[in-house]
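Overview (structure and organization)
The primary structure of each chain is shown beneath.
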Amino acid sequence: MKKYLLPFLFLLSLSVSAQEVGLSPRRKWFLPDHLKLQFAGNIGFLSGGPGYVSRNMTLETDLLIGFLPQKFGGDALVSTTLKTTYSPWRISLKDSYYIRPFSIGAYMSYTFGPQFDTKWPSYYPSGYYWWATSIRPGAFIGGKAGRHVVLNNRRRSMEFYYELGTYDLLIVSYIQNKGFLKINDIVSLSLGLKFGFD
Amino acid sequence: MKNILRWTIPGLAFLFASCDSLFQYNPNEETLLDREKDLTAKNIARISQLPVADTTRFILMGDTQRWYDECEDFVKSANQQKNISFVLHAGDISDFGLTQEFKWVNEIMLRLKYPYVTVIGNHDIVANGSATYRKMFGPLNYTFAFGRDRFIFINTNSREYAFDGSVPDIGWLKAQLADNPEQKNTIVVAHVPPFDADFDKELEKPYTEALAGDPTVKFSLYGHQHRFHDGEIYDDGVHYYLTTSMGARGYMVVSTWKGGYKVERVEF
């Protein structure tokens, strides 16, 4: 576990320093627009990292590093995920609160470890196993609620989001076994926080 | 806002109640409940409590991989059989080596009226599969005895180990065959049969000769090829039986008695 913790903390510190730089009046284009921290969702027990948002604020793309401690997962797993979320509608509420009632998105997650393959070794005939064990594509729907705040004279936003997601191997299993499997057998919940540098 | 809360809170409460694994952290996580651990030892303990009749009847089935609906039908069919003591799963419990799949199959197999024991298949070794198999079922090679019969379960999935000569473990197999003071009928159970391309070619002869060299070995049981097949493949006195997959909706009923045995194919 220790060997994974250090690089994880290093990445976190990178994101933190990025955040500090982000406080300067005119942020550089390459600095992230937000940071996210997520619980569950098949990309780690906790995952976090920077992301960007489109000009109209509906499309977010994040790069997340996830970690699953052995205590919660039976095996310590580190993964990295590229995730994109589209939240087309925004409803403003009182006191600078707002909700984005519907989000839909997809991700690709890579789990590190010698037991996982991206390209199967040559001692397998081609097509012997049709999926890669290291890369999992997934999809989700969800929603968000947030508030615009002013911190140190800077416009910021805090958002809470939830997602209901699944991934390719579970979808394939469900499609072929609609008698035994129910949709809630393949869908799981994730919760997250977003800190935006608006 | 209030309206939204009125719907989301009961909605979330419903979700919390209905999903058995509401939060998932990684497809390769190995999270098991205590009742999902050490199933081989637990089920052997149950089998050893069963009465021994003149004839022992058990079921050989396998390759449940991603055929849950069919596996449910298998359980219904198997529960109709008479005088069955236990069920042998010939491997490929899972398709992707995911813990979730092992749990689903176990959930279905628990509806059997009989205890079941397993041997590991090649798909069960993929990704974190073999680690999960060890936790959920137990050792990859093991034996147990019931009545006049003695079962040797051995991992024969050589390709998953890059044909490195370690699988199947011939030394272990020979030691188990030799350790038979009561001269019980020995039944070797594995996933990949020795004449399959996924079995180490270098070990095919040592393996089949070890079986043929033991007079207590009359027949041996396998899965993997998703078809019924049987024959005295090596003309050495050992009859090899392959059961088909759940997808092909078949299994075998094996009966053994003093001095004889019978294997029947069943389709459901």
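What counts, and where the lines are drawn
- Residues numbered from 1 in each chain as written.
- Chains lettered and ligands numbered in written order.
- Predicted model: local features only at pLDDT ≥ 70, side-chain atom pairs only at ≥ 80, totals over all residues.
- Heavy atoms only, no water.
- Buried < 20%, exposed > 50% of the residue type's maximum accessible area, 1.4 Å probe, protein only.
- Helix = DSSP H or I, 4+ residues; strand = E, 2+ residues; numbered from the N terminus.
- Core = buried A, V, L, I, M, F, W, Y, C linked by side-chain atoms within 4.5 Å.
- Contact = heavy atoms within 4.5 Å.
- Pairing = 2+ DSSP bridges.
- Axes fitted to C-alpha atoms, helices over the stretch in contact; angles between N-to-C directions.
- UniProt positions renumbered as here; feature names shortened; annotations may be inferred.
- Parallel < 35°, antiparallel > 145°, perpendicular 65-115°, else oblique.
- Left-handed = near helix turned anticlockwise from the far one by under 90°.
- Nonpolar A, V, L, I, M, F, W, Y, C, P; charged D, E, K, R; others polar.
- Phe/Tyr/Trp six-rings, centres within 6.5 Å; stacked < 30°, edge-to-face > 60°.
- Lys NZ or Arg CZ within 6 Å of the ring centre and 35° of its normal.
- pLDDT = per-residue confidence, 0-100.
- Buried area = accessible area lost by both parts, 1.4 Å probe.
- Polar contact = N/O pair within 3.5 Å; in protein donor to acceptor, adjacent residues only side chain to side chain.

Naming follows an unreviewed UniProt entry, where chain B appears as Phosphoesterase of Dyadobacter beijingensis.

If you check an unreviewed UniProt entry, chain A appears there as Outer membrane protein beta-barrel domain-containing protein from Dyadobacter beijingensis.

With 10 of 11 residues buried, helix 4 (residues 99–109) of chain B is to be regarded as a mostly interior element. Within helix 4 of chain B, burial applies to T99, Q100, E101, F102, K103, W104, V105, N106, I108 and M109 of chain B.

The next subject is the nonpolar core. Counting 79 residues, the largest nonpolar core has F74, L88 and F144 of chain B as the members making the most contacts within it. Every residue in contact with F144 of chain B, bar those within four places of it in the chain, is listed here: I44, I47, F86, V117, D149, R150, F151 and F153 of chain B.

It is worth spelling out the sheet that holds strand 4 (residues 142–146) of chain B at this point. All names here are of chain B. An order of 4-5-6-7-9-8 is seen for the six strands of this open sheet, with the pairing classed as mixed. One side of each edge strand has no neighbouring strand; the edge strands of this open sheet are strand 4 and strand 8 (229–231). On average, adjacent strands in this sheet sit at an angle of 15° to one another, irrespective of strand direction. Pairing of strand 5 (residues 149–153) with strand 6 (residues 185–189) involves five bridges; the strand directions are parallel. Note on strand 6: the bridge partner recorded for D149 is N185. Sheet strands touched by helix 6 (residues 170–178): strand 4, strand 5, strand 6 and strand 7 (217–222). Its angle to strand 5, the strand with the most contacts, is close to 170°.

Per the UniProt record, "domain: Calcineurin-like phosphoesterase" (unreviewed entry) is annotated on residues 57–227 of chain B. Secondary structure content for residues 57–227 of chain B is 31% helix and 19% strand, and the end C-alpha separation is 22 Å.

Right, let's get into the pairing of strand 4 (residues 77–86) of chain A. All names here are of chain A. Where strand 3 (residues 59–68) and strand 4 come together, 10 bridges link them in antiparallel fashion. Paired with D62 across the strands is K83, a residue of strand 4. By the bridge criterion, eight bridges tie strand 4 to strand 6 (residues 97–111) in an arrangement that is antiparallel. Looking across to strand 6, one finds that T85 is bridged to G105.

Before going further, it helps to spend a moment on the packing of helix 4 of chain B against helix 5 (residues 129–136) of chain B. Residues and elements named next belong to chain B. Closest axis-to-axis distance for the helix 4/helix 5 pair is 9 Å, and the angle between their directions is 40°. Relative to helix 5, helix 4 is oriented oblique. As for the relative orientation of helix 4 and helix 5, their crossing is right-handed in sense. Contacts from T99, F102, K103 and N106 in helix 4 reach G129, T132, Y133 and M136 in helix 5. Here the residues of the contact of helix 4 with helix 5 are counted per class, giving three nonpolar, four polar and one charged.

Residue and element names in this part refer to chain B. The mixed open sheet is built from five strands, whose spatial order is 3-2-1-10-11. Every interior strand has two partners, whereas the edge strands, strand 3 (116–118) and strand 11 (260–267), have only one. The mean angle between the axes of side-by-side strands here comes to 25°, regardless of whether they run parallel or antiparallel. With four bridges joining them, strand 1 (residues 56–61) and strand 2 (residues 86–89) adopt parallel strand pairing. Paired with L60 across the two strands is L88, which belongs to strand 2. Against the sheet, helix 2 (residues 39–48) engages strand 2 and strand 3, with an angle of about 140° to strand 3. Its contacts with the sheet put helix 4 on strand 1, strand 2 and strand 3, and the angle it makes with strand 2 is roughly 155°.

With that out of the way, let us pick up the packing of aromatic side chains. Using the criterion set out here, one finds 44 aromatic pairs over all chains in the structure. Consider the rings of W130 of chain A and W131 of chain A, whose centres lie 5.4 Å apart with planes at 70°: the pair is edge-to-face. Linked through ring pairs, W120, Y123, Y124, Y128, Y129, W130 and W131 of chain A together with F96 of chain B together constitute an aromatic cluster. Here the basic side chain of K36 of chain A rests over the ring of Y161 of chain A, its NZ or CZ set 5.2 Å away from the ring centre. Note that R90 of chain A overlies the ring of Y98 of chain A, its terminal NZ or CZ placed 4.6 Å from the centroid.

Here the focus is the side chain of T40 of chain B. Residues and elements named next belong to chain B. In this fold, T40 is placed in helix 2. Judged by its relative accessible area of 4%, T40 is buried. Residues contacting T40, with those up to four places away along its chain left out, are V117, F137, G138 and Y142.

Okay, the confidence of the model for chain A next. The pLDDT averaged across chain A works out to 90; a share of 87% of its residues lies at or above 70. Long-range and interchain partners of residues 8–24 of chain A, a stretch whose pLDDT sits below 50, account for 14 contacts in this model, where long-range means more than four residues apart.

What follows deals with the interface of chain A and chain B. On the side of chain B, 45 residues touch chain A, which itself brings 48 residues to the contact. For the pair chain A and chain B, the summed buried area comes to about 3,900 Å², and 61% of that belongs to carbon and sulfur atoms. Of all residues in chain A, the largest losses of buried area upon contact with chain B belong to Y123, F180 and L189 of chain A, amounting jointly to 17% of the total for that side. In this structure, the connection of chain A to chain B is made through 23 residue pairs in polar contact (both at pLDDT 80 or more). Elements that contribute at least two residues to the side of chain A that touches chain B include exactly helix 2 (70–73), strand 4, strand 6, strand 8 (154–167), helix 3 (168–176), helix 4 (183–186) and strand 9 (188–196) of chain A. Taken together, the residues of the side of chain A that touches chain B break down into 29 nonpolar, 15 polar and four charged.

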